[in-house]
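Below are the chains, spelled out letter by letter.
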There are 2 protein chains.
Amino acid sequence: MHPWGAFVKNEYSVYDLGVPKVSDAHREQRREQILIAAWKCFARNGFHSTSMADVIAEAGLSAGAVYLYFKSKEEIILAVASQVFGGISGRMAEWSQHEPPPSPAEVVGFLIQQPVLARAQAPGDLFPLLLAVWSEATRNPVLADLADEIMAALRQQITGLFERWERTGRDLRIPARDLAPV
Amino acid sequence: MHPWGAFVKNEYSVYDLGVPKVSDAHREQRREQILIAAWKCFARNGFHSTSMADVIAEAGLSAGAVYLYFKSKEEIILAVASQVFGGISGRMAEWSQHEPPPSPAEVVGFLIQQPVLARAQAPGDLFPLLLAVWSEATRNPVLADLADEIMAALRQQITGLFERWERTGRDLRIPARDLAPV
DNA sequence: CTTCCAAGAAGGATCGTTCGTTTTCCTGAG
DNA sequence: CTCAGGAAAACGAACGATCCTTCTTGGAAG
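Quick caveat: nothing in here was measured; it's all calculated off a predicted structure. (Residues numbered from 1 in each chain as written. Chains lettered and ligands numbered in written order. Predicted model: local features only at pLDDT ≥ 70, side-chain atom pairs only at ≥ 80, totals over all residues. Heavy atoms only, no water.)

Caption draft 1: Looking closely at the overall build of chain A. When its secondary structure is counted, chain A shows seven helices and one strand. Put simply, chain A runs from its N terminus to its C terminus through helices and strands in the order α-α-α-α-α-α-α-β. Out of the 182 residues belonging to chain A, those deemed buried represent 41%. (Helix = DSSP H or I, 4+ residues; strand = E, 2+ residues; numbered from the N terminus. Buried < 20%, exposed > 50% of the residue type's maximum accessible area, 1.4 Å probe, protein only.)

This is how it looks when you write it as structure tokens:
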């Protein structure tokens with residue numbers, strides 16, 4: 001469900017004293033609310049140029065409230081980065097199971113046009129954030145491991161697609177010109 | 001020579017009063033010294049996680065001295081980023097004029113293995129910095145323009161290579177498997 | 001009444017930058 | 001060649017701003 005790991009279950013029972021005031025669902029919703037705000041801020045200004053004050057304002061909460069759900073800015077960054085990587089992986093996984101399999105040229109076109117060689121000035125919602133995460137991954141060991149997993153999964157899905165294409169008996173070569181579109 | 005533009009020439013004559021104490025060459029050298037230090041710091045920690053104190057210490061100078069040669073951190077970032085882009089462009093331009101022309105597979109392999117799909121944990125000197133610059137380019141208009149120029153030049157050089165390869169009468173198709181190396 | 005979420009002011013640290021001072025070194029006179 | 005004169009280079013302490021985080025207080029919900 002959530003890429004950043006299983007949510008810590010509330011250990012209280014409704015029959016105990018000291019019942020928490022809000023449900024787990026509410027807590028989850030608050031986390032989501034904060035992450036969405038952080039997502040927007042990070043996409044706009046990158047990780048280290050957005051202040052906690054920015055995130056807090058975007059979320060429409062207070063500092064104290066935000067720090068009830070995340071114990072540091074670092075934790076929010078990791079959560080958002082994991083979501084970004086998870087999103088990429090999920091989208092690719094979904095797309096890689098289409099029937100009939102897309103041609104190798106389509107696969108490569110998807111890869112280089114969507115995230116990599118797109119113009120810096122015409123980013124989708126994901127592109128600036130993906131770059132930020134990727135850049136951060138060169139410094140943060142946790143993110144580096146995540147990035148490696150994603151890369152491995154991507155490679156596997158791509159080769160899987162190629163194999164399925166090959167089984168249809170068609171050409172497994174890509175016209176070079178498709179790789180440098182005007 | 002220097003990607004960030006022509007160095008402002010010393011307007012004093014040796015016959016005037018107020019002759020500067022150091023030569024233009026010395027000034028140039030100092031700028032270079034600061035930029036090298038900044039390069040190292042930025043490659044290590046990214047733009048916004050390296051403080052001016054880091055750069056100043058790495059350069060072995062004082063704050064006042066550094067601010068004699070660059071008027072802000074932003075200016076240093078732009079200078080380094082321009083150097084990075086210039087380096088990429090230069091390397092590709094050089095490589096694209098090899099004789100005989102490299103095969104399309106080689107070209108693509110160079111592109112995806114060198115900067116793009118390399119493992120985040122095994123970066124060359126340039127990779128983390130390239131990511132940082134690229135990420136910054138999604139926010140900084142000056143860098144965005146620079147990035148677009150670089151991209152356009154790259155595309156042109158790639159298509160040029162493909163055309164030269166085609167003129168040798170050989171196959172202009174790339175085996176798909178080359179694009180997802182194990 | 002008890003419990004804890006939410007708020008927001010405040011703390012301590014660090015940031016980029018400036019500025020008054022010292023040092024360096026070229027110049028021109030003796 | 002020597003030496004004062006002076007301007008630029010270099011220094012580094014200090015400044016205001018901003019950063020992330022904590023902590024006290026208020027109030028809603030069971």
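Caption draft 2: Geometry of the nonpolar core. Judged by nonpolar contacts, the single largest core of 59 residues is most densely connected at Ile34, Phe42, Ile76 and Val80 of chain A. With nine residues, helix H4 (residues 73–95) of chain A is the single largest residue contributor to this core. Those residues in contact with valine 80 of chain A that lie beyond four places of it in its chain are Leu35, Ala38, Trp39, Phe42 and Leu129 of chain A. One finds Cys41, Val55, Ala81 and Ile88 of chain B within the second-largest nonpolar core, a separate group that totals 29 residues. (Core = buried A, V, L, I, M, F, W, Y, C linked by side-chain atoms within 4.5 Å. Contact = heavy atoms within 4.5 Å.)

Caption draft 3: Fine view of the pattern of salt bridges. Residues and elements named next belong to chain A. The full count for this structure, using the stated rule, is 16 salt bridges over all chains. We note a salt bridge from lysine 40 to glutamate 58, for which the minimum N-O separation is 3.9 Å. Of the two residues, lysine 40 is situated in helix H1 (residues 24–45) and glutamate 58 in helix H2 (residues 52–59); the sequence distance between them amounts to 18 residues. Take lysine 40: its relative accessible area is 43%, and that puts it in the partly exposed class. A salt bridge links arginine 173 to aspartate 171; its shortest N-O distance comes to 3.2 Å. (Salt bridge = Lys/Arg side-chain N within 4 Å of Asp/Glu carboxyl O.)

Caption draft 4: Just H1 of chain A, in detail. Residue and element names in this part refer to chain A. Taking 1.5 Å per residue as the helical rise, H1 with its 22 residues ought to reach 32 Å, and the 31 Å between its terminal C-alpha atoms agrees with that figure. Along H1, the residues that are buried comprise Arg31, Ile34, Leu35, Ala37, Ala38, Cys41 and Phe42. Here the buried residues of H1 occupy an arc of 165° about the axis, which is enough to place them on one side. Facing away from the buried surface of H1 by more than 90 degrees, the exposed residues are Ala25 and Gln29. Turning to H1, the residues buried within the fold contact H2, helix H3 (63–69), H4 and helix H6 (127–137). Note on H1: the residue one or two positions beyond its end, glycine 46, has a positive phi of about 80°. (Expected span 1.5 Å × (residues − 1). Arc of directions from axis to C-beta.)

Caption draft 5: Focus on the relation of the copies chain B and chain A. Least-squares fitting of chain B to chain A yields an RMSD of 0.1 Å, with the superposition described by an axial translation of 0.0 Å and a rotation of 180°. Such a combination of rotation and displacement between the chain copies is what one expects of a two-fold axis. Of the residues that chain B buries at the interface, 100% are likewise interface residues in chain A, meaning the two copies contact each other through the same surface. (Least-squares fit on C-alpha atoms with pLDDT ≥ 70 in both.)

Caption draft 6: Looking closely at the interface of chain B and chain A. The interface is formed by 42 residues belonging to chain B together with 42 residues belonging to chain A. Scanning the region where chain B abuts chain A turns up four salt bridges. Residue arginine 177 of chain B is joined to glutamate 166 of chain A by a salt bridge in which the shortest nitrogen-to-oxygen separation is 2.4 Å. At the junction of chain B with chain A, the criterion picks out nine residue pairs in polar contact (both at pLDDT 80 or more). Contributing elements (two or more residues each) for the side of chain B that touches chain A: helix H1 (24–45), helix H5 (104–116), helix H6 (126–137), helix H7 (141–167) and strand E1 (173–175) of chain B. A per-element tally of the side of chain B that touches chain A places H7 of chain B first, with eleven residues. Class assignment of the residues belonging to the side of chain B that touches chain A gives a composition of 23 nonpolar, eight polar and eleven charged. (Polar contact = N/O pair within 3.5 Å; in protein donor to acceptor, adjacent residues only side chain to side chain. Nonpolar A, V, L, I, M, F, W, Y, C, P; charged D, E, K, R; others polar.)

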